[in-house]
Structures are given as structure tokens and as C-alpha cells.
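# Residue-level structure breakdown
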Protein chains: 2
Amino acid sequence: MNEYLYQEIVVGQEEGFSKEITVEMENLFRNMTDDCNPLHWDDAFAKDVGNFDSHVSFGMLSASLLSTLAGVYLPGKYSLIHSIDNISFRKPVFAGDLLYISGTVTDKQDGLNLILVKVKMTNQHNKTVLTADMKILVKK
Amino acid sequence: MNEYLYQEIVVGQEEGFSKEITVEMENLFRNMTDDCNPLHWDDAFAKDVGNFDSHVSFGMLSASLLSTLAGVYLPGKYSLIHSIDNISFRKPVFAGDLLYISGTVTDKQDGLNLILVKVKMTNQHNKTVLTADMKILVKK
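Residues numbered from 1 in each chain as written. Chains lettered and ligands numbered in written order. Predicted model: local features only at pLDDT ≥ 70, side-chain atom pairs only at ≥ 80, totals over all residues. Heavy atoms only, no water.

### Remarks on the overall build of chain A
To keep it simple, the criterion reads: In DSSP terms, a helix is any run of H or I states spanning at least four residues, a strand is any run of E spanning at least two, and both are numbered starting from the N terminus. In this scheme, a residue with accessible area under 20% of its type's maximum is buried, one over 50% is exposed, and one in between is partly exposed, where area comes from a 1.4 Å probe on protein chains only. By definition, residues are in contact when any of their heavy atoms lie within 4.5 Å. In this tally Asp and Glu are treated as negative and Lys and Arg as positive; neither His nor the chain ends contributes. By convention, the charge on Lys lies at NZ, on Arg at CZ, on Asp at CG and on Glu at CD.
Assigned secondary structure in chain A consists of three helices and five strands. Ordered by position in the sequence, the α and β elements of chain A form the string β-α-α-α-β-β-β-β. Its C-alpha atoms give chain A principal-axis dimensions of about 50 × 30 × 25 Å. Each of the 140 residues in chain A was classed as buried or not, and the buried ones make up 52%. Contacts in chain A between residues far apart in sequence, at least 24 positions, make up 67% of those at least 6 positions apart. Between the mean site of the 13 positive side-chain charges and the mean site of the 18 negative ones, chain A shows a separation of 7 Å.

Here it is, written out as C-alpha cells:
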């Protein structure tokens, strides 16, 4: 786990990690949220409503990895997510996809101890599946 | 599970549900995301860094309930989340908190089959803990 303090972070800094999305994770997410929508488990329904090859993973499951990016990598231990803007689900994610989640610091707001992080998630085909902008409070 | 089609939804329509945040859910979220940040399990650390009474629940765990709101309630079965703006974590959420998650339709974009939903999550003290704006595609 990274332990960057506010003053150690520089604009342009980038951190990232890989994570495979699995059916087991989808089941955990469903149990946790009670979101039993068939788009996320019924392959035939997903094909019927959206012409998807199989059921589509929960968008908010991919988005949950924003928590890991902030809490473990950028800045890591001394972080508190303030807000998230512009979460855009650009392409569907499927179980078996290997995501790479990366964040780049685009600005710092001294006094507030806030960093702005532009996030991009890509899949194993190097296609962007999710983008977002996070504001994260970091301990001085 | 609600099954509203696009044309059945009206501006001003509101749907909501209650959900208790539990330590078990926090453990599921940690296992799913690998976000092992001590703010979310170590009461002493949470007190030390933020003067919190106990460990703070993951913001993205509360935000995961946006998936349930769209996928089960508003509009329910025939939904696909397009994007989420302005997720604001307004107050900390703790294990044991009972959240009420409500969404109100503020606009419809005919042709795109998009509804705009303003979301508010309140706790058992009727304090707002999270707000967000969702754009959701709905089948015609």
C-alpha cells in the first residue's frame, strides 16, 4: 500500500493496477447490493435487450475499483474520497475481462489538501471501458 | 423488480428503498475490490486520521447502491446506466447505518431514451450522506 502525503504528490504522477473481473465478484456484488437485474446474470436476456454476447458485468462493480485506486495506490493509506465526477461507462465489461485501472494527478488544491485524479480503465483489448474524475483529500 | 418502459416514466416520478450497511457488506466489498485501506476496518486509525468514532464505511460501497436503484427500482428491469455525475460523499457512513436511497426523475431525453435521475441517500438521522446525478438508458 502506498502512503503518499499531500506534499509528496506531484501533478502528472500516475499509478495503476490490474484486476480481473470474475463471475465470483459479480455474485459478491449482487449479494451485497441486492441488484438482481437479469442483465447481469442472464445471458439470453442480455442478448435479447442489448445484443450482448453474454451477461454484462455491473458498471458499479468496475466503478468500485475507484476505491482501490484511491485507498491503496493514489495516494494510498492517507486518502479520503471527496467526490467523483463524470463516471462514463464507455464499453460493456464482461466476466473474464482483465482491467487496468490507472489514475493521473491533474491538479492539486493547496489549503484544501485535495488532489484531482483523472481515471481511465482499459480492458485486455486496450479499449477504454470507464473514465472518471476523482477529488481526493490527502493527509499533509 | 419494477419493469418501467421509457414511455411509462414521468418527470417527477420517485422511487426508493432502504438498506442497512453492515460489517459483512464491508468485508464483501474489501474481498471484491482488494481495497484494504485501514480507514475502513481499523477504528483506532480512523480516529487518529479523521477523528471518526469508528472505521468509516467505503464511500463506493454506498455508491454501489446506485446500481440497485437503477436496476431494480427506477426504471428496474429494462435499464442500462449511461453515466453518473457529481457523486458527492457528504457525510461518513458507518456499519449499522440504515440508508434510504431515493431517486427522482428530473428530465427525459426522447430519441436517446435517456432519463436523468437525481439521487439522494439519507441515514437514520435523516442526514444526507450521498448525492449523485445518473443518466440511465431505458428500453422503449
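### Thoughts on the interface of chain B and chain A
As a reminder, the rule being used: For any pair of parts, buried area is found by adding up, for both, the accessible area (1.4 Å probe) each one loses once the two are put together. Take a side-chain nitrogen of Lys or Arg and a carboxyl oxygen of Asp or Glu: if they are within 4 Å of each other, that pair is a salt bridge. As used in this structure description, the phrase polar contact means that two N or O atoms lie within 3.5 Å; if the pair is within protein, one of them must be able to donate a hydrogen and the other to accept it, and residues adjacent in sequence are counted only when both atoms belong to side chains.
Across the boundary between the two partners, chain B contributes 41 residues, which contact 41 residues of chain A. Both faces considered, chain B and chain A share a buried interface measuring about 3,300 Å² in area, 65% of it formed by carbon and sulfur atoms. For chain B, the biggest contributors to the area lost against chain A are L28, M32 and M60 of chain B; these three give 19% of the whole. Put simply, chain B and chain A have two salt bridges between them. At the boundary of chain B with chain A, the tally comes to 21 residue pairs in polar contact (both at pLDDT 80 or more). Listed by contribution, the elements that provide at least two residues to the side of chain B that touches chain A are α1 (23-33), α2 (43-50), α3 (59-73) and β2 (79-89) of chain B. Sort the elements by how many residues they give to the side of chain B that touches chain A and β2 of chain B lands first, with 11 residues.

### Here we look at the relation of the copies chain B and chain A
Stated formally: Alignment of the copies relies on least squares applied to C-alpha atoms, considering only residues that score at least 70 for pLDDT in both.
For the match of chain B to chain A, the screw axis carries a shift of 0.0 Å, the RMSD comes to 0.0 Å, and the turn is 180 degrees. The superposition operator between the copies reduces to a two-fold rotation axis. Residue D85 of chain B of chain B places its C-alpha closer to the rotation axis than any other residue of that unit, at 2.4 Å. When the interface residues of chain B are mapped onto chain A, 100% of them again lie at the interface, so the same face is used by both copies.

### As for the sheet that holds strand β3 (residues 98-109) of chain B
Selection criterion: Pairing between strands is defined by DSSP: at least two bridges between the two strands are required. Orientation is described by lines fitted to C-alpha atoms, with helices fitted over the stretch in contact, and by angles between N-to-C directions that extend from 0 to 180 degrees.
Judged by pairing direction, the sheet is antiparallel, and its 10 strands sit side by side in the order β1(A)-β3(A)-β4(A)-β5(A)-β2(A)-β2(B)-β5(B)-β4(B)-β3(B)-β1(B) without closing on themselves. Both edges of this open sheet fall to β1 (14-20) of chain A together with β1 (14-20) of chain B, since each of them pairs with a single strand only. Sheet twist, expressed as the average angle between the axes of neighbouring strands with direction ignored, equals 25 degrees. Bridging between strand β4 (residues 114-122) of chain A and strand β5 (residues 128-138) of chain A involves nine bridges; their strand directions are antiparallel. By the bridge assignment, V119 of chain A is partnered in β5 of chain A with A132 of chain A.

### Here we look at α3 of chain B
Selection criterion: The span expected for a helix works out to 1.5 Å for each residue beyond the first.
End to end, α3 of chain B covers 21 Å across 15 residues, agreeing with the expected 21 Å (1.5 Å per residue, within 8%). Buried residues dominate α3 of chain B, accounting for 13 of its 15 residues.

### Some words on the confidence of the model for chain A
Stated formally: The pLDDT score gives, residue by residue, the confidence of the prediction method on a 0 to 100 scale.
Within chain A, residue pLDDT values average 97, and 100% of them lie at 70 or more. Across the interfaces of the predicted complex, the ipTM metric reaches 0.96, alongside a pTM of 0.97.

### Description of unusual backbone geometry
L74 of chain A connects to P75 of chain A through a cis peptide bond whose omega is 10 degrees. On the secondary structure map, P75 of chain A appears in the loop between α3 (59-73) and β2 (79-89). With a phi close to 55 degrees, N86 of chain A is a non-glycine residue in the positive phi region. Residue position: N86 of chain A is located in strand β2. Overall, the relative accessible area of 40% leaves N86 of chain A in the partly exposed class. Even without being glycine, D34 of chain B reaches a positive phi, approximately 65 degrees. Relative to the assigned elements, D34 of chain B resides in the loop between α1 and α2.

### A look at the environment of L66 of chain B
Here L66 of chain B lies in helix α3. C-alpha separation for the pair L66 of chain B and I101 of chain B, spaced 35 residues apart in sequence, amounts to 8.0 Å. If we ignore the near neighbours within four places in the chain, the residues touching L66 of chain B are M60 of chain A together with I81, I84, I87, V119, M121, A132 and M134 of chain B.

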